[in-house]
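# Secondary and tertiary structure notes
Residues per chain, in single letters:
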Amino acid sequence: MEKNQIIDLEITDLSYEAMGVAHYNGMTVFVTNALPGEVVSAKILKVKKNFAFAKIEKIKKESPDRVNVKLNQGVQSGLASLAHIKYDKQLDFKRNQVVNLLKKAHLENIEVGETLASPEEVGYRNKAQVPVREVNGQLEIGFFRRHSHDLMPLTHFFTTDPEIDRVLVAVRDILRKYKVPAYDEINNNGEVRYLEVRRSKSTGEMMVILVCLHKDFMQLPNVAAEVSQIPGVSGLILNHNPKKTNVILGPKDYLVFGNDQITDQIGDLKFRISPQSFFQINSLQTPRLYNLAIKQADLKPDDVVIDAYSGIGTIGLSVAKHVKAVRGIEVVRDAIKDAKDNAKLNDITNAKYYLGKAEEIMPRWAKSGLKTDVVFVDPPRKGLTPEFINAAVKTGPKKIVYISCNPATLVRDLQLFQEKSYEFNRIDPVDMFPQTPHVESVTVLERTEK
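Everything numeric here is computed off the predicted structure, so don't read it as measured data.

## Quick word on the domain arrangement of the protein
A common measure of how large an interface is: the accessible area buried when the components associate. According to the domain assignment, the protein contains domain 1 (3-65), domain 2 (125-264) and domain 3 (281-445). A C-alpha centroid distance of 32 Å is found between domain 2 and domain 3. With eight residues of domain 2 in contact, the opposing surface of domain 3 contributes six residues. Of the roughly 610 Å² buried where domain 2 meets domain 3, counting both sides, 60% is carbon and sulfur surface. If you sort the residues of domain 2 by the area they bury against domain 3, R125, N126 and K201 come out on top, with a joint share of 52%. Our count for the contact surface shared by domain 2 and domain 3 stands at zero salt bridges. The interface formed by domain 2 and domain 3 holds four residue pairs in polar contact (both at pLDDT 80 or more) in total. Here the side of domain 2 that touches domain 3 is built from residues that sort into one nonpolar, three polar and four charged.

What follows is the structure in structure tokens.
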């Protein structure tokens, strides 16, 4: 097998990245956008020792689960790698990710619920962060092709709220009009690195963030004047990121005009969102995720809850009306301020927020004798550290509610909790990111008596 060779393949499975899996002369071949049951003529793109990557040249036998979407392979491999699969089959694929990981961990006795479908299958994202680069002498927005820094110009982002797409293109055109230079990452010069737009589903207000190499630039007054005229835009922020880095946002934000927050809702609660606040991407599915977690946790009116990755308070404040008290912990100072403000905004008085590392604060609380009944965790994709797990267990909660966005690190962490005498019997997958392989889930662990 060699690069650019064209071969016929029968697709037998899907990888966890949703690539078709085939076998050819003892080699595993991963084929972009191919589905199980299909026979395809494929072009080999890259050959490794035991596996290869390929793209479809022609589908000779098509799967009945295929959806023909007007997206090229570049878009599907980067932004929406499940877009060619019927939505009910996407839900099955996500559930199977969890099932297969449990099998590998010899936890086949764990029940896995059906994946909770999203109310919106496309256009659900309330935030877009898109790179800005020069392509063929013109400023463009788009996305980087997978495993590269080659920008593919784009105006329709498929999973993003169409109103956000409209504003992205309008701001792009304004930057072009005033000849604002796009960022050049090789030479670390130019100006606009990324363009971010956040939109509230409940109010419709939008925040525009220009991520720039400098704190200011010559054309900014003209750009700001025109951005302020875009319908729906309530504020413009300049985020200063001077470092040569892959990290999108720099530490400092400067308000150019309007408001530096937008207000969105989760259920009947309102949340003020700052430029760097973490807020779940799928606004309509988020209350369903939290309600599922609350229901599965079977909370009691006298429970004391720790929200260990509290952010701006979305989980803790959603839980507060069901329990006696909530204690939130967060390492980001601005997020703690937002959480306290959001508690006041919703007239919630039984939720308190503390700045610091949960690994350090929880053992201090345990040592001082503070009661804890339930710990909620919603970590990033890397999951929990052993230090965090030890600290959570030291507080002696009856239950630990684990909201995960990565089933691989979830299963790893659940096994560590088992070693600490916490058991679980069910995982409920939730689709927060339709058209992508990502799957969220809810697991409730209960302390067993030694």
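The structure having been displayed, the exposition proceeds.
## Points about the environment of G123
Counting through the fold element by element, G123 comes out in the loop between β7 (111-112) and β8 (127-135). Residue G123 is classed as buried on the basis of its relative accessible area, which comes to 8%. Distance from G123 to D165, taken between C-alpha atoms, is 9.4 Å for residues 42 residues apart in sequence. Sequence-distant contacts of G123, that is, excluding residues within four places in its chain, are made with F158, T159, T160, D161, P162 and K201.

## Considerations on the sheet that holds strand β2 (residues 13-14)
Sheets are built from strands that pair by backbone hydrogen bonding, the pairs being arranged parallel or antiparallel. Strand order in the open sheet formed by six strands is β1-β5-β6-β4-β3-β2, and the pairing between neighbours is mixed. Lying at the two open borders of the sheet, with one neighbouring strand each, are β1 (6-10) and β2.

## Quick look at the pairing of strand β13 (residues 233-240)
Burial within β13 is extensive, with eight of its eight residues counted as buried. Two strands pair when backbone bridges link them, and strand β12 (residues 206-212) and β13 are joined in this way by seven bridges, in the parallel orientation. Bridging across to β13, M207 finds its partner in G235. Across six bridges, the pairing between β13 and strand β14 (residues 252-258) is antiparallel. Directly across from N239, in β14, lies its bridge partner D253.

Conventions used here
- Residues numbered from 1 in each chain as written.
- Predicted model: local features only at pLDDT ≥ 70, side-chain atom pairs only at ≥ 80, totals over all residues.
- Heavy atoms only, no water.
- Domains from an automatic or database assignment.
- Contact = heavy atoms within 4.5 Å.
- Buried area = accessible area lost by both parts, 1.4 Å probe.
- Salt bridge = Lys/Arg side-chain N within 4 Å of Asp/Glu carboxyl O.
- Polar contact = N/O pair within 3.5 Å; in protein donor to acceptor, adjacent residues only side chain to side chain.
- Nonpolar A, V, L, I, M, F, W, Y, C, P; charged D, E, K, R; others polar.
- Helix = DSSP H or I, 4+ residues; strand = E, 2+ residues; numbered from the N terminus.
- Buried < 20%, exposed > 50% of the residue type's maximum accessible area, 1.4 Å probe, protein only.
- Pairing = 2+ DSSP bridges.

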